[in-house]
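Coordinate inspection notes
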Amino acid sequence: MADKTFVDWPFFEDRHRELRHGLVAWCERHTFRHDDDVDEICREVVADLGKAGWLQYCVPAQWGGASDKLDVRSLALCRETLAYYSGLADFSFAMQGLGSGAISLFGSSSQCAQYLPKVAAGDAIAAFALSEAEAGSDVAAMQTSAKRTGDAYILNGEKTWISNGGIADFYCVFARTGEQPGSRGLSAFIVDGSNPGIVITERIETIAPHPLARISFNDCRVTAAARLGEPGDGFKIAMATLDVFRTTVGAAALGFARRALDEAVRHTSTRQLFGAPLSALQMTEESIADMATEIDASALLVYRSAWAKDSYQERVTREAAMAKLYATEAAQKIIDRAVQLFGGRGVTKGNIAESLYREIRALRIYEGASEVQKVIIARQTYRGENA
Ligand SMILES: Cc1cc2nc3c(=O)[nH]c(=O)nc-3n(C[C@H](O)[C@H](O)[C@H](O)COP(=O)(O)OP(=O)(O)OC[C@H]3O[C@@H](n4cnc5c(N)ncnc54)[C@H](O)[C@@H]3O)c2cc1C
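Residues numbered from 1 in each chain as written. Predicted model: local features only at pLDDT ≥ 70, side-chain atom pairs only at ≥ 80, totals over all residues. Heavy atoms only, no water.

Within the structure, the ligand sits among 20 residues, and F128, S131, S137, W161 and E371 are positioned closest to it. At 2.6 Å, a side-chain N or O of S137 approaches an oxygen atom of the ligand. Between an oxygen atom of the ligand and a side-chain N or O atom of E371, the distance comes to 2.8 Å. In isolation the ligand exposes 970 Å². Once the protein is present, 67% of that is buried. Where the shell around the ligand is concerned, the elements lending two or more residues are β1 (126-129), β3 (152-163) and α10 (370-383). Here the shell around the ligand is composed, by residue class, of 13 nonpolar, 5 polar and 2 charged. (Near = heavy atom within 4 Å. Polar contact = N/O pair within 3.5 Å; in protein donor to acceptor, adjacent residues only side chain to side chain. Areas by Shrake-Rupley, 256 points an atom, 1.4 Å probe, with all protein chains shown as cover. Helix = DSSP H or I, 4+ residues; strand = E, 2+ residues; numbered from the N terminus. Nonpolar A, V, L, I, M, F, W, Y, C, P; charged D, E, K, R; others polar.)

Okay, structure coming up:
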């Protein structure tokens with residue numbers, strides 16, 4: 001079975017061990033829905049996670065959170081644990097953090113007071129709206145504009161692949177304000193989901209369904225008080241937010257991978273082949289050994305990055321890139337091996353290996369595709385940063 005002693009590693013404190021044990025116990029008791037109504041499932045799971053206190057890890061203590069600043073080890077442990085039990089529970093938790101992260105990191109007191117306590121209680125659903133059809137990996141190509149008129153900004157443009165699009169109570173939206181060319185001319189805004197200038201133009205269906213949409217901003221008016229940070233800070237705000245949450249994508253991948261290993265061990269121990277359990281074949285042992293080793297390597301990279309961010313390093317761009325890159329790529333291979341060990345059952349709709357196979361795929365693309373992480377790691381290595 002996947003290693004359960006990793007919380008004893010020196011990256012963690014007793015409060016993390018208590019969190020992990022408490023959340024595992026909660027997940028074991030909780031019934032996670034797996035039907036097609038993803039909007040309703042996500043609304044329910046956000047409310048449940050909020051009521052049980054788990055969303056406190058998504059905001060700082062001053063605004064109803066669990067610790068003074070966002071604690072990446074706690075966020076990562078929550079994502080890993082929730083992903084093990086339910087992809088949608090992990091998704092809902094992650095989006096409460098990512099969608100409100102720019103407010104936690106850069107919001108004024110009044111912005112924090114208005115949004116963050118509701119995020120922590122599960123009373124408001126958050127979203128992060130950065131990507132556009134022509135600006136995914138290349139954020140600086142962003143076209144959505146925000147024009148200042150008196151004490152307001154008018155937003156026009158279209159965002160796509162926006163998680164929680166259609167069910168979010170508010171969106172952290174990035175738009176071009178034009179102070180300078182490229183990435184230095186972007187700003188960030190909080191836009192309420194009820195704003196009449198927001199239109200959900202398309203609901204997007206993916207291989208692992210969750211609320212996802214294309215969103216238009218049509219003369220969408222927000223007051224200047226809805227801007228996060230200073231004009232032109234948008235790119236810095238987006239990257240600083242991803243610097244916290246990228247590590248947690250690796251953690252979610254780790255949760256999916258641990259589940260795949262546990263299921264593979266269970267299945268191969270009981271499945272009889274050629275008069276003995278499948279686990280007795282040496283090639284099965286090879287698969288299980290590779291899976292277990294890659295899981296530990298992923299965990300070391302994920303929790304090294306989280307610990308560095310929490311303990312002593314303002315930015316962990318390189319460590320977070322390594323954690324996300326390695327853990328998501330490894331999880332894909334680990335889950336693929338699990339599918340293989342399940343044989344025909346592994347590709348049968350409803351089988352756990354089949355659902356993990358669909359869940360893992362997008363993690364190698366969103367919050368920076370694997371190739372983008374490699375570019376980051378290589379550039380930092382040439383520059384000698386964090387070396
Ligand atoms: C399920 C899901 C949820 C998402 N949720 C959100 C969300 O909530 N908010 C949000 O703003 N966005 C979200 N996204 C968008 C996501 O961040 C983008 O899809 C991602 O940044 C990649 O952009 P793209 O799809 O335009 O691909 P492109 O930028 O067109 O890239 C295509 C491929 O090119 C390759 N590539 C990219 N850069 C390089 C490079 N430098 N060198 C070599 N190869 C390269 C990679 O293989 C990449 O996958 C989500 C996406 C998915 C799939």
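This part is about helix α5 (residues 109-121). The terminal C-alpha atoms of α5 lie 18 Å apart, and with 13 residues this matches the ideal 18 Å at 1.5 Å per residue to within 8%. Along its length, α5 shows its largest kink, about 30°, at Y115, and proline P117 lies within four residues downstream of that point. The set of residues buried in α5 consists of Q111, C112, Y115, L116, V119 and A120. One or two residues past the end of α5 sits G122, with phi positive at roughly 80°. (Expected span 1.5 Å × (residues − 1). Bend = angle between axes of the 7 residues up to and from the residue. Buried < 20%, exposed > 50% of the residue type's maximum accessible area, 1.4 Å probe, protein only.)

Moving on to the pattern of salt bridges. Enumeration over the complete set of coordinates arrives at 27 salt bridges. Put simply, R17 and D14 hold a salt bridge, and the shortest N to O gap is 2.9 Å. Taken together, the positions of R17 and D14, both in helix α1 (residues 14-29) and 3 residues apart, correspond to about one turn of that helix. Residue R73 is joined to D310 by a salt bridge in which the shortest nitrogen-to-oxygen separation is 2.7 Å. Pair noted here: R73 is in helix α3 (residues 72-85) and D310 is in helix α7 (residues 282-311), with a separation of 237 residues, a long-range link. Comparing R73 with D310, the two get one shared label, buried. Look at the salt bridges and you will find they share partners, linking E13, R15, D71, R73 and D310 into a network. (Salt bridge = Lys/Arg side-chain N within 4 Å of Asp/Glu carboxyl O.)

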